[in-house]
Amino acid sequence: MAKLWGGRFEGGTHADVEAFTSSLAIDSRLAQADLKGCLAHARMLGRQGILSDAECQQIVKGLEAIASGLEAGNLGIPPDAEDVHTAIELLLTEQAGVVAGKLHTARSRNDQVATACRLYLRGEVDALREEIRALQARYLEIAEGNLHTVLPGLTHLQHAQPVSLAHHLMAYFWMLERDHARLTDLRVRVNQLPLGSGALAGTTLPIEREGVAKELGFEGLCENSLDAVSDRDFVVEFLSAAALIGTHLSRFAEELILWSMPEFGFIELADDVTTGSSLMPQKKNPDVAELIRGRTGRLTGALTGALVMLKALPLSYNRDLQEDKQHLFEGLDTVRGAVRLTLLMLQKATFRPDRMERACQGDYSNTTDLADYLVRKGVPFRQTHEIAGKAVRLAIQKKVALEALSLDELRGLHPGFDTDVFDSIQTRAVMEARNSRGGTGSRAVAEQIDRARKTLRGEGLK
Ligand code: ARG
């Protein structure tokens, strides 16, 4: 295996050790990020006179050739390198000759790997933020078309009060809004430059870190070299945000699975996002939603893995930290997949408002409104709750809907009931009547959507 540290050793490394310690299979995806770090470092060494202009130019040209070669696919990562950093130095040696050996001046793989990781993650965080925005926009779009679509609102998975489909979907919009805000917030802490910290203690050479940070778009410098090479908080923070995104989407996935069950029939997922059965020809299964639900376990696992990796780890760099990438990439790929596939499912899903409305009929989810009716007539809620409870008991005994009780039957329970009570307990009226801020009435939801649009435009919450 190609190494950067042969001098001190007499014999070779055991093949099992090489295989055990290599990270190339996992970290080769950092190649472009690492090259960017290498380029900024080389230019800084040139500016500081640590490299001559000619040396600097040779190295820069070599690195640029490697970057475009890898991009175009006419250059490969040497498969026997210990890690991606070693691989790039090997490629540079092939491109530029012995001068390649000067690139690693005033640098260690410890500050190098942290730099590449942060750069890579920053790009992924930005891509994920955009994907979240696209999903939010889709929830918003469906919500706008369904302000008046009635859906059974549940608590304990029991019919509670009718809500609009718009209101239900907007709940996910706001979850994603918090997710997006978390990513924006943690991005600042990802975007700090560790390079220039050396192996752990800084360097004797006259480096200059601010320019490197500027070239690479970092917002600040890691202030302590020991912390810089040991810190993986940015990995934990990201994985924590990712686990929560996955958790949110798993809740929605679960609802999609339930809603597409024939007993519900609230939604039909498109053919291109469902799968069939090898045995039962009639089947159309919501496997994508199930995998979003199932893979949320990986996100929790990745977060837990990263936290356990760091627990009680003494300063400064320890090889344990190499494991961060396994967890990070697992989390990244899983969460981005979940966001993208949720959007894909929502792009062509067919909602069935008729089925949703039918599910609300005669389900007694209007009983609170019977109580509220008497509240408006001045009866204390404690009393109206009892009266409405008796009314629902009577209806259940008679096997009819609440609204099918006669005015006389209602008056038997309280003289305050009048003919207009029936209008106020119609399913749609029940839903429409809840226009308190944040409520499910279409006026309140329209205002909610308006605030959501402003939030997306960056106008903030008012
Ligand atoms: N592949 C290593 C990692 O990902 C690079 C750093 C190795 N440093 C060391 N001192 N062995 O962490």
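See the structure shown above.
Residues numbered from 1 in each chain as written. Predicted model: local features only at pLDDT ≥ 70, side-chain atom pairs only at ≥ 80, totals over all residues. Heavy atoms only, no water.

Following the sequence through the fold, I142 ends up in helix α6 (residues 109-144). Take I142: its relative accessible area is 6%, and that puts it in the buried class. For I142 and D272, which are 130 residues apart along the polypeptide, the C-alpha to C-alpha distance reads 19 Å. For I142, the residues in contact, after removing those within four places along its chain, are L169, L346 and F351. (Helix = DSSP H or I, 4+ residues; strand = E, 2+ residues; numbered from the N terminus. Buried < 20%, exposed > 50% of the residue type's maximum accessible area, 1.4 Å probe, protein only. Contact = heavy atoms within 4.5 Å.)

Another aspect to go through is the site of the ligand. Within the structure, the ligand sits among S23, D83, R109, N110, V113, Y317, R319, Q322 and K325. At 2.4 Å, a side-chain N or O of Y317 approaches an oxygen atom of the ligand. Interatomic distance of 2.7 Å between a side-chain N/O atom of K325 and an oxygen atom of the ligand. Starting from 340 Å² of accessible surface for the ligand in isolation, the protein chains cover 85%. The leading source of residues in the shell around the ligand is α6, at three residues. (Near = heavy atom within 4 Å. Polar contact = N/O pair within 3.5 Å; in protein donor to acceptor, adjacent residues only side chain to side chain. Areas by Shrake-Rupley, 256 points an atom, 1.4 Å probe, with all protein chains shown as cover.)

Let us now look at the packing of aromatic side chains. In total, this model carries nine aromatic pairs according to the counting rule given. Taken together, a centroid distance of 6.3 Å and an interplanar angle of 55° make the contact between W259 and F266 tilted. As far as the burial class goes, W259 and F266 line up, both buried. Consider the rings of Y373 and F417, whose centres lie 5.8 Å apart with planes at 15°: the pair is stacked. One end of the pair, Y373, is in helix α14 (residues 367-376); the other, F417, is in the loop between α16 (407-413) and α17 (421-424), and 44 residues separate them in sequence. Using a relative accessible area of 1% as the deciding quantity, one classes F417 as buried. In textbook terms, an aromatic cluster arises when at least three aromatic residues are bridged by ring pairs, as seen for Y139, Y172 and F252. (Phe/Tyr/Trp six-rings, centres within 6.5 Å; stacked < 30°, edge-to-face > 60°.)

A few words now on the state of the cysteines. Enumeration according to the criterion identifies zero disulfides in this entry. The thiol of C38 is not disulfide-bonded; the next cysteine sulfur, from C56, is found 13 Å away. The exposure class assigned to C56 is buried, which follows from its relative accessible area of 11%. (Disulfide = S-S within 2.5 Å.)

Core analysis: the biggest nonpolar cluster contains 97 residues, and L63, L183, F238 and F351 have the highest contact counts within it. Per element, the largest residue contribution to this core is 15 residues, and it comes from helix α10 (residues 233-259). Filtering out sequence-adjacent residues up to four positions away, F238 remains in contact with L121, V125, L128, L183, L186, L328, L332 and V335. Grouped together as the second largest cluster of nonpolar side chains are 18 residues, V379, A391, V392 and L407 included. (Core = buried A, V, L, I, M, F, W, Y, C linked by side-chain atoms within 4.5 Å.)

Take helix α19 (residues 442-456) next. Because each turn of an α-helix spans 3.6 residues, side chains separated by three or four positions end up pointing in the same direction. For α19, spanning 15 residues, the distance from its first C-alpha to its last is 21 Å, which sits close to the expected 21 Å at 1.5 Å a residue. Along α19, the residues that are buried comprise S442, A444, V445, Q448, I449, R451, A452 and T455. Along its buried surface, α19 packs onto α6, β2 (158-164), α7 (165-190) and α18 (427-432). A positive backbone phi angle near 80° is found at G458, which sits one or two residues after α19. (Expected span 1.5 Å × (residues − 1).)

A cluster of nonpolar side chains, L4, W5 and F9, forms an exposed patch at the surface whose accessible area comes to about 260 Å². Look at F9 and you get partly exposed, because its relative accessible area is 46%. (Patch = residues over 30% accessible without salt bridge, like charges linked within 9 Å, V, L, I, M, F, W, Y side chains within 5 Å. Salt bridge = Lys/Arg side-chain N within 4 Å of Asp/Glu carboxyl O.)

Right, let's talk about the packing of α7 against α19 for a bit. Running from N to C, α7 and α19 point in directions that differ by 25°, and their axes come no closer than 11 Å. Considering their axes alone, α7 and α19 lie roughly parallel with respect to each other. In terms of crossing hand, the pair formed by α7 and α19 is left-handed. Here A166, H167, M170, F173, W174 and E177 of α7 come into contact with α19, specifically with V445, Q448, I449, R451, A452, T455 and L456. Looking at side-chain class alone, the contact of α7 with α19 contains eight nonpolar, three polar and two charged residues. (Axes fitted to C-alpha atoms, helices over the stretch in contact; angles between N-to-C directions. Parallel < 35°, antiparallel > 145°, perpendicular 65-115°, else oblique. Left-handed = near helix turned anticlockwise from the far one by under 90°. Nonpolar A, V, L, I, M, F, W, Y, C, P; charged D, E, K, R; others polar.)

Scanning all chains against the criterion turns up 36 salt bridges. Between E18 and K3 there is a salt bridge; the shortest N-O distance is 2.7 Å. Within this pair, whereas E18 is found in helix α1 (residues 15-21), its partner K3 is found in the segment before α1, the two being separated by 15 residues in sequence. Relative accessible area serves as the criterion here: at 28%, K3 is assigned to the partly exposed category. Each of E82, D83, R109 and R319 takes part in salt bridges that share partners, so that together they form one network.

So, about the environment of Q361. Inspection of the secondary structure puts Q361 in the loop between α13 (353-360) and α14. On the basis of relative accessibility, which here comes to 41%, the residue Q361 falls in the partly exposed class. Considering only alpha carbons, one finds Q361 and T204, 157 residues apart in sequence, at a separation of 78 Å.

The next thing to look at is the pairing of strand β1 (residues 150-155). If a strand is regular, its side chains alternate between the two faces of the sheet. Across six bridges, β1 lies against β2 in antiparallel orientation. Across the sheet, residue L151 finds its bridge partner in β2, namely V163. (Pairing = 2+ DSSP bridges.)

Before going further, it helps to examine the side chain of H327. Structurally, the position occupied by H327 is in helix α12 (residues 324-348). When residues no more than four places from it in sequence are discounted, the contact partners of H327 are L239, A302, G305 and A306.

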